[in-house]
Amino acid sequence: MHTVVVGTSGTTAEDVIAVARGNARIELSGDALSALAAARAIVDALAAKPEPVYGVSTGFGALATRHIGHDLRTQLQRNIVRSHAAGMGPHVEREVVRALMFLRLKTVASGHTGVRPEVAQTMADVLNAGITPVVHEYGSLGCSGDLAPLSHCALTLMGEGDAEGPDGTVRPAGELLAAHGIKPVELHEKEGLALLNGTDGMLGMLIMALDDLRRLYTSADITAALTLEGLLGTDTVLAPDLHAIRPHPGQAASAANMRAVLQGSELTGHYQEEEAPRVQDAYSVRCAPQVAGAGRDTIAHAALVAERELAAAIDNPVVLPGGTSPDGGSRGGRVESNGNFHGAPVAYVLDFLAIAAADLGSIAERRTDRLLDKNRSHGLPPFLADDAGVDSGLMIAQYTQAALVSEMKRLAVPASADSIPSSAMQEDHVSMGWSAARKLRTAVDNLARIIAVELYAATRAIGLRRGLTPAPASQAVMAALRAAGVDGPGPDRFLAPDLAAAEAFVRDGLLIEAVQPVTGPLA
């Protein structure tokens, strides 16, 4: 099994995916354990002083004005976890919770939170045991971090609340810890707060969405090429010099992908041989690289934001080493309040990706509709039906695709444009980043389905073009799709299983795998 070593300097998107989706084992580096101990010593020293320090010897949020005595501090940390574990609604997916916990551990291991090494080790042990805290859909405003989701995770470390075992069964967390030989933690000064205060949920979902979207954008380039072929369109608009004069890197990459798929096709370039010759293809075909390319560049920007966030240590207050005392002498370290927990940087790109995904879905649906309309499909039967009138063909498959596109447009409304004050107006501006991430996950799922419908229609259209040989890459796609259980042209049949198989073919990357032995690696 792959092992991810957590150090003091952040982590990578690949490691997040390995833990969240691949169940990679986690180890804490020696440097991380040393940094944890050093930061804890700073917190312990401050906790021993009579002066109040936020998060160490005070209440939280709007209650930060109360100084908490030594005898109540363990209760204070336990209470913040219990009271903040106030989520509601359906359970969040296992991979999201694993990413959430791993990213919190990443920040804890930075040495900027003041959490003891044994607490960090317990976090790693819970992940390694396959125990997944029950986290609910609603409860985060994306400022002060993903408070309720992280609180449910911290509750599991305390042996309280519910969690899902490796077998998927939900049981009391204390029972699961005991079954795996893990001792519940008793939280000390600052530790409860340090486990709750981060953008880890929205960041984890951003990283997984980026992983999925890269695959889907390449898939969309393939299906766009197949549709161009099915419509007897021209590939001259994909020429490298045309894209070089508008030097957006994503556009060039998408055009190159489409050119590679269409190489050797006998179906392209016949648009001037028709009774009413076309001067040019419709925008949904001709501008496919420009639209998909803009989305690719959006993904690149979002990945840059994610990379910065992965290198961050987000907590409030944060532990900083060294510093200067009021009398000019050196001191061992300090704990400072800050606003780094605000989720705006992540929330914005989550919303930006939802907009780009909606537009990619929209243009794919327009291409599909063109394949089905006998007045615009250049010789194809209505709805690609076997015996139009007796057979309805893919009429309702396009309805389903259109419904998904309409939903995508609603999901593209930015969550981050909203803010709602909380905590007695102390937390008076929030990011709504968790909500942006949750709707993006739905958008990504829908995009895979939309692309699958275009794939289904385009391959059927190509199969109906008699006497002309499709591109070798197209032939490879159709062969792999048939092997995956998706039938070609013919009389009407129960379509839902075909569409589900096409969706899995796209979602699992099988479409790309079918093409690349012919085309070489695609962007």
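For the rest of this paragraph, the subject is the overall build of the protein chain. In terms of helices and strands, the protein chain carries 19 helices and 9 strands. Dimensions of the protein chain, computed from C-alpha atoms along their principal axes, come out at roughly 90 × 50 × 45 Å. Buried residues in the protein chain amount to 55% of all 523 residues. For the protein chain, contacts bridging at least 24 residues in sequence account for 77% of all contacts bridging at least 6. Just so you have it, the protein chain exposes about 20800 Å², and 55% of that area is on carbon and sulfur atoms. Once the 43 positive and 59 negative side-chain charges of the protein chain are each reduced to a mean point, those two points are 2 Å apart.

Right, let's talk about the packing of helix 14 (residues 344-372) against helix 16 (residues 433-464) for a bit. Look at helix 14 against helix 16: their axes get within 9 Å of each other, and the N-to-C directions meet at 20°. Judged on the interaxial angle alone, helix 16 and helix 14 are roughly parallel. Crossing of helix 14 against helix 16: the hand is left-handed. Class assignment for the residues of the contact of helix 14 with helix 16 results in 18 nonpolar, 3 polar and 5 charged.

This brings us to empty space enclosed by the protein. The full count for this structure, using the stated rule, is 2 cavities of 30 Å³ or more. The calculated volume of the largest cavity comes to roughly 50 Å³. Forming the boundary of the largest cavity are Met101, Arg104, Met123, Leu150, Cys153, Ala154, Leu157 and Leu195. Within the residue set of the lining of the largest cavity, elements represented by two or more residues are helix 4 (94-108) and helix 6 (147-157). Considering every element that reaches the lining of the largest cavity, the biggest residue donor is helix 6, with 4 residues.

With that settled, consider the layout of surface pockets. Approximately 310 Å³ is the volume attributed to the second largest pocket. Secondary-structure elements contributing two or more residues to the lining of the second largest pocket are helix 9 (200-230) and helix 16. Looking at the lining of the second largest pocket, the element that brings in the most residues is helix 16, giving 7 residues. Tallied by class, residues from the lining of the second largest pocket come to 6 nonpolar, 1 polar and 11 charged.

So, about the nonpolar core. In terms of nonpolar packing, the biggest core is built from 153 residues, with Leu195, Leu206 and Ile222 touching the most fellow members. Here the element with the most residues in this core is helix 16; it accounts for 18 residues. Grouped together as the second largest cluster of nonpolar side chains are 9 residues, Ala39, Val43, Val56 and Val335 included.

Alternating residues of strand 9 (residues 333-336) divide into Gly333 and Val335, all buried, and Arg334 and Glu336, none buried. Two elements, strand 8 (residues 318-321) and strand 9, share 4 bridges in a ladder whose sense is antiparallel. Its bridge partner lying in strand 9, valine 318 is registered against glutamate 336.

The next thing to look at is the packing of helix 14 against helix 15 (residues 395-411). Look at helix 14 against helix 15: their axes get within 9 Å of each other, and the N-to-C directions meet at 160°. The pairing of helix 14 with helix 15 is recorded here as roughly antiparallel in orientation. The handedness of the crossing between helix 14 and helix 15 comes out as left-handed. Residues Ala354, Ala357, Ala358, Gly361, Ser362, Ala364, Glu365, Arg366, Thr368, Asp369 and Leu372 of helix 14 pack against Met395, Gln398, Gln401, Ala402, Val405, Met408, Lys409 and Leu411 of helix 15.

Let us now look at the sheet that holds strand 6 (residues 162-164). Across a sheet, paired strands are connected by hydrogen bonds in the backbone, their directions being either parallel or antiparallel. With respect to topology, 3 strands assemble into an open sheet ordered 4-6-7, the strand pairing being antiparallel. In this open sheet, the two strands that pair with only one neighbour each are strand 4 (132-133) and strand 7 (170-172). When strand 4 meets strand 6, the two strands line up antiparallel, connected through 2 bridges. Considered in strand 6, the bridge of threonine 132 is made with glutamate 164.

Let's shift gears to helix 14. Look at helix 14: 42 Å from first C-alpha to last across 29 residues, which is about the 42 Å you get at 1.5 Å a residue. In terms of residue burial, helix 14 counts as a mostly covered element, since 23 of its 29 residues are buried.

Okay, the confidence of the model for the protein chain next. Summarising the model, the protein chain shows a mean pLDDT of 94, and 96% of its residues fall at 70 or more. Across residues 324-330, where pLDDT falls below 50, the model places 6 contacts with residues more than four positions away in sequence or in other chains.

All right, on to the side chain of aspartate 15 then. Locating aspartate 15 in the fold gives a position in helix 1 (residues 13-20). Buried charge aspartate 15 goes without a salt bridge, the closest partner of opposite sign being lysine 106 at 11 Å. Here the side chain of aspartate 15 touches threonine 11 through a polar contact of 3.4 Å, side chain to side chain. Every residue in contact with aspartate 15, bar those within four places of it in the chain, is listed here: His2, Val4 and Phe102.

As a further point, take the pattern of salt bridges. This structure, assessed with the given rule, holds 32 salt bridges. The partner of glutamate 95 in a salt bridge is arginine 21, with the nearest N and O atoms 2.8 Å apart. Residue glutamate 95 is found in helix 4, and its partner arginine 21 is found in the loop between helix 1 and strand 2 (25-28); the two are separated by 74 residues along the sequence. Classification of glutamate 95 by relative accessible area gives buried; the value is 18%. Within the structure, one salt-bridge network assembled from shared partners comprises Arg21, Glu93, Glu95, Glu137, Asp211, Asp212, Arg215, Arg438 and Arg441.

Take helix 16 next. Given 3.6 residues to a turn, an α-helix orients residues that are three or four positions apart in the same direction. In this model, helix 16 (32 residues) spans 46 Å end to end at C-alpha, consistent with the 46 Å of a helix rising 1.5 Å per residue. Most of helix 16 sits inside the fold, with 26 of its 32 residues counted as buried.

The rules we used
- Residues numbered from 1 in each chain as written.
- Predicted model: local features only at pLDDT ≥ 70, side-chain atom pairs only at ≥ 80, totals over all residues.
- Heavy atoms only, no water.
- Helix = DSSP H or I, 4+ residues; strand = E, 2+ residues; numbered from the N terminus.
- Buried < 20%, exposed > 50% of the residue type's maximum accessible area, 1.4 Å probe, protein only.
- Contact = heavy atoms within 4.5 Å.
- Areas by Shrake-Rupley, 256 points an atom, 1.4 Å probe, with all protein chains shown as cover.
- Lys, Arg positive; Asp, Glu negative; His and termini not counted.
- Charge placed at Lys NZ, Arg CZ, Asp CG, Glu CD.
- Axes fitted to C-alpha atoms, helices over the stretch in contact; angles between N-to-C directions.
- Parallel < 35°, antiparallel > 145°, perpendicular 65-115°, else oblique.
- Left-handed = near helix turned anticlockwise from the far one by under 90°.
- Nonpolar A, V, L, I, M, F, W, Y, C, P; charged D, E, K, R; others polar.
- 1 Å grid on protein atoms, 1.4 Å probe; cavity = no way out; pocket = protein on both sides within 12 Å on 5 of 7 lines; lining within 4 Å.
- Points joined across faces, edges and corners; volume = space filled by probe spheres on them.
- Core = buried A, V, L, I, M, F, W, Y, C linked by side-chain atoms within 4.5 Å.
- Pairing = 2+ DSSP bridges.
- Expected span 1.5 Å × (residues − 1).
- pLDDT = per-residue confidence, 0-100.
- Salt bridge = Lys/Arg side-chain N within 4 Å of Asp/Glu carboxyl O.
- Polar contact = N/O pair within 3.5 Å; in protein donor to acceptor, adjacent residues only side chain to side chain.

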